[in-house]
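As a plain string of letters, each chain reads:
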Amino acid sequence: GIRYVVLTSKHHEGFTNWCSPRSWNWNACDAGPHRDLVGDLTRSVRAAGLRMGLYHSIFEWFHPLFLEDKANGFRTRRYVDEV
């Protein structure tokens, strides 16, 4: 049977599935379901005796530093170095 659940907590486009003050109104509390999906699911998974895992993408396709690196043909790494 199932022993664990893994959720994408933050996707590459910057959307977070929790209430994040750093995701510029692009999170599960400000848009979409208007609730902390990570917290809600984590509590339910643990209550069922399962393990909870999170996948968190550090890349954000619309972050200004990522866009700068992209415009430079990824010859620069400001996003990786500074974020």
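The structure this text deals with has already been given above.
Residues numbered from 1 in each chain as written. Predicted model: local features only at pLDDT ≥ 70, side-chain atom pairs only at ≥ 80, totals over all residues. Heavy atoms only, no water.

Chemist: I'd like to hear about the pairing of strand 1 (residues 4-10), residue by residue, with values.
Modeler: Bridge count for strand 1 against strand 2 (residues 51-56) is 6 bridges, and the pairing is parallel. Across the sheet, residue Y4 finds its bridge partner in strand 2, namely R51. Remark: the strand 1/helix 1 (residues 37-47)/strand 2 crossover connection has right-handed handedness. (Pairing = 2+ DSSP bridges. Helix = DSSP H or I, 4+ residues; strand = E, 2+ residues; numbered from the N terminus. Right-handed = clockwise from strand over helix to strand, strands pointing away.)

Chemist: Which residues make up unusual backbone geometry, and what are the values?
Modeler: One non-glycine residue with positive phi stands out, namely H34, at about 55°. Tracing the backbone through its elements, the reader meets H34 in the loop between strand 1 and helix 1. With a phi close to 60°, F74 is a non-glycine residue in the positive phi region. The exposure class assigned to F74 is partly exposed, which follows from its relative accessible area of 49%. (Buried < 20%, exposed > 50% of the residue type's maximum accessible area, 1.4 Å probe, protein only.)

Chemist: I'd like to hear about the state of the cysteines, residue by residue, with values.
Modeler: Summed over the entire model, instances satisfying the criterion amount to 1 disulfide. Across a sulfur-sulfur distance of 1.8 Å, C19 and C29 are joined as a disulfide pair. Given an S-S torsion of about -55°, the disulfide between C19 and C29 has left-handed geometry. Highlighted residues: C19 in the loop between strand 1 and helix 1 and C29 in the loop between strand 1 and helix 1, separated in sequence by 10 residues. Residue classification places C19 among the partly exposed positions, given a relative accessible area of 43%. Judged by its relative accessible area of 18%, C29 falls in the buried class. (Disulfide = S-S within 2.5 Å.)

Chemist: Tell me about the packing of aromatic side chains, residues and numbers included.
Modeler: All chains considered together, the criterion is met by 3 aromatic pairs. With a centroid separation of 5.0 Å and 80° between ring planes, the pair formed by F15 and W26 is classed as edge-to-face. With F15 in the loop between strand 1 and helix 1 and W26 in the loop between strand 1 and helix 1, this pair connects stretches of sequence that are 11 residues apart. Taking relative accessible area as the criterion, F15 reaches 17% and is therefore assigned buried. Taking the relative accessible area as the measure of exposure, W26 reaches 33% and is therefore partly exposed. Here the aromatic rings of F66 and Y79 are separated by 6.1 Å at their centres, their planes lie at 85°, and the arrangement is edge-to-face. Of this pair, F66 sits in helix 2 (residues 64-71) while Y79 sits in helix 3 (residues 78-82), placing them 13 residues apart in sequence. This pair shows no difference in class: F66 is buried, exactly as Y79 is. In textbook terms, an aromatic cluster arises when at least three aromatic residues are bridged by ring pairs, as seen for F66, F74 and Y79. (Phe/Tyr/Trp six-rings, centres within 6.5 Å; stacked < 30°, edge-to-face > 60°.)

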